[in-house]
Amino acid sequence: MRRPILRYGDPVLHARAAPVQALTPAIDTLIDDMHETLRDASGVGLAAPQIGESLRLCLVDLSAGRRPDQLLVLINPEILESDGLQLKEEGCLSLPGIEATVPRPLRMRVRAMDRDGDTREIQAEGLLARALQHEIDHLDGVLFLDRLRPVYRWALTRRIRRLRRAGKW
Ligand code: ZN
């Protein structure tokens, strides 16, 4: 079932999420809901807090729904190491219409459980490293705006306030 995506300012998005304790049928349904929501939005990643579930679970699909084999399900992901720097424009389904150049590591190694309960290590570079850090940030209550210099963050939050007042956000 497709679920509504929460927007910047919702308290769930700004809180640290709790670990997934067990792969229950409820978690399986949540993963299906997240996948459907992500596909419907043509996004490359979605974290459980974005649909109101404060759990350490996120999906990444660099093909944005075009290739089913590209879907990564990450349960309780941990960043083992990261290095390098990349600067690219980035957006977020919880910040529609807002984009900014966000500094991210160029490479990273992540450990996570998949939906079968197997622990996997992912070696990521470039766009995948960026997407993984973006989604894992969501699990810590961090949105890309929080990674910008205060002057840029201020400008974008002002724009969001203006859009909200105009009823366009
Ligand atoms: Zn996001």
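First things first, this report covers the structure right here in the doc. Quick caveat, the model's predicted, so the values are computed rather than measured. (Residues numbered from 1 in each chain as written. Predicted model: local features only at pLDDT ≥ 70, side-chain atom pairs only at ≥ 80, totals over all residues. Heavy atoms only, no water.)

1. Brief notes about the overall build of the protein
Across its full length, the protein carries 3 helices and 7 strands. Listed by position from the N terminus, the elements making up the protein come as α-β-β-β-β-β-β-β-α-α. The C-alpha radius of gyration of the protein comes to 15 Å, within 12% of the 15 Å expected for a compact globule of 169 residues. With the C-alpha coordinates of the protein rotated into their principal frame, the extents come out at 45 × 35 × 30 Å. Sorting the 169 residues of the protein into buried and exposed places 43% on the buried side. In the protein, of all internal contacts separated by at least 6 residues, the share reaching a separation of at least 24 is 62%. (Helix = DSSP H or I, 4+ residues; strand = E, 2+ residues; numbered from the N terminus. Rg over C-alpha atoms; globule rule 2.2 N^0.38 Å. Buried < 20%, exposed > 50% of the residue type's maximum accessible area, 1.4 Å probe, protein only. Contact = heavy atoms within 4.5 Å.)

2. Let's talk about the coordination of the zinc ion
Coordination angles at a metal have ideal targets, namely 109.5 degrees for four tetrahedral donors and 90 or 180 degrees for six octahedral donors. At the metal site, the zinc ion is ligated by Cys92 (SG), His134 (NE2) and His138 (NE2), and these contacts range over 2.0 to 2.2 Å. Positions of the donor residues of the zinc ion, expressed as sequence spacing, correspond to C-x41-H-x3-H. In this pair, histidine 134 and histidine 138 both sit in helix 2 (residues 126–139), 4 residues apart, roughly one turn of the helix. What makes histidine 134 buried here is its relative accessible area of 8%. (Donors = N, O, S within 2.8 Å, 3.2 Å for Na, K, Ca; no water.)

3. Thoughts on the nonpolar core
Counting residues in each nonpolar core, the largest one holds 16 residues, and the members touching the most others are Val60, Leu74, Ile122, Leu128 and Leu132. Elements supplying a minimum of two residues to this core: strand 2 (57–60), strand 3 (72–83), strand 6 (107–113), strand 7 (119–125) and helix 2. For this core, the element with the highest residue contribution is helix 2, accounting for 6 residues. (Core = buried A, V, L, I, M, F, W, Y, C linked by side-chain atoms within 4.5 Å.)

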